[in-house]
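Residues per chain are reported as follows:
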Amino acid sequence: MISLIIGHKGSGKTKLLVDEVNAAVEKSNGSVVCVEKETKLTYDVKSSVRLVATDDYCVSGFDAFYGFLSGLCAGNYDTTNIFVDATFRIGGRDYEALADFLEKVDSLSEKTSTEFTFTISTDLENLPERMFKYCKKIN
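Quick notes on the rules
- Residues numbered from 1 in each chain as written.
- Predicted model: local features only at pLDDT ≥ 70, side-chain atom pairs only at ≥ 80, totals over all residues.
- Heavy atoms only, no water.
- Helix = DSSP H or I, 4+ residues; strand = E, 2+ residues; numbered from the N terminus.
- Rg over C-alpha atoms; globule rule 2.2 N^0.38 Å.
- Buried < 20%, exposed > 50% of the residue type's maximum accessible area, 1.4 Å probe, protein only.
- Areas by Shrake-Rupley, 256 points an atom, 1.4 Å probe, with all protein chains shown as cover.
- Salt bridge = Lys/Arg side-chain N within 4 Å of Asp/Glu carboxyl O.
- Lys, Arg positive; Asp, Glu negative; His and termini not counted.
- Polar contact = N/O pair within 3.5 Å; in protein donor to acceptor, adjacent residues only side chain to side chain.
- Contact = heavy atoms within 4.5 Å.

### Description of the overall build of the protein
And then number 1: Helix and strand counts for the protein come out as four helices and six strands.
And then number 2: Helices (α) and strands (β) of the protein occur, in sequence order from the N terminus, as β-α-β-β-α-β-α-α-β-β.
And then number 3: Relative to its length of 139 residues, the protein is compact, with a C-alpha radius of gyration of 14 Å against a globular reference of 14 Å.
And then number 4: For the protein, the proportion of its 139 residues judged to be buried stands at 47%.
And then number 5: Carbon and sulfur atoms make up 48% of the accessible area of the protein, which amounts to about 7200 Å² in all.

Structure follows, in structure tokens:
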């Protein structure tokens with residue numbers, strides 16, 4: 001399953017994401033991972049969350065980002081949730097590429113039984129409608 005937190009800069013997306021991360025830790029029987037572009041959430045998420053900064057691994061673009069997420073799933077079979085902050089800052093600001101990326105992530109989610117949540121900085125109407133066949137908006 002894929003969930004999207006959509007809104008403009010300063011609209012509270014990251015705060016909502018942090019709340020979702022910390023709630024997931026309480027419910028999870030496995031690992032919870034939080035991915036961000038650069039390390040900023042260290043003191044916001046619980047210490048049991050695996051916090052990963054994509055800049056540390058030179059991840060840029062949606063293809064590299066998908067490979068990175070796949071590697072996180074492959075490296076730990078019991079990952080139940082992966083949360084991603086600042087999706088466009090990691091993958092680029094191409095709406096169609098985002099839709100393609102999320103379609104692949106949906107397939108990955110089904111194969112690995114991992115739930116994904118992404119923050120997206122934009123207006124809802126900018127996003128391709130086809131994304132919402134496999135993504136749900138949570139804010």
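### Observations regarding the pattern of salt bridges
And then number 1: Scanning the entire structure with this criterion turns up nine salt bridges.
And then number 2: Here Lys40 makes a salt bridge to Glu38, at a shortest N to O gap of 3.4 Å.
And then number 3: The class for Lys40 is exposed, based on a relative accessible area of 53%.
And then number 4: For the salt bridge of Asp100 with Arg130, the shortest nitrogen-to-oxygen distance reads 2.8 Å. Separated by 30 residues along the polypeptide, Asp100 in helix 4 (residues 95–112) and Arg130 in the loop between strand 5 (115–121) and strand 6 (135–137) bring together distant segments of the chain.
And then number 5: Residue Asp100 is classed as partly exposed on the basis of its relative accessible area of 39%.
And then number 6: Connected through salt bridges with shared partners, the residues Glu96, Asp100, Glu103 and Arg130 form a single ionic network.

### Examining the side chain of Glu36
And then number 1: The topology assignment puts Glu36 in strand 2 (residues 31–36).
And then number 2: Although buried, Glu36 forms no salt bridge, and the nearest oppositely charged side chain, Lys40, lies 7.3 Å from it.
And then number 3: A distance of 3.1 Å separates a polar side-chain atom of Glu36 from the backbone nitrogen of Lys40.
And then number 4: Apart from the residues within four sequence positions on either side, Glu36 is in contact with Leu41, Leu51, Val52, Ala53, Thr54, Asp85 and Ile90.

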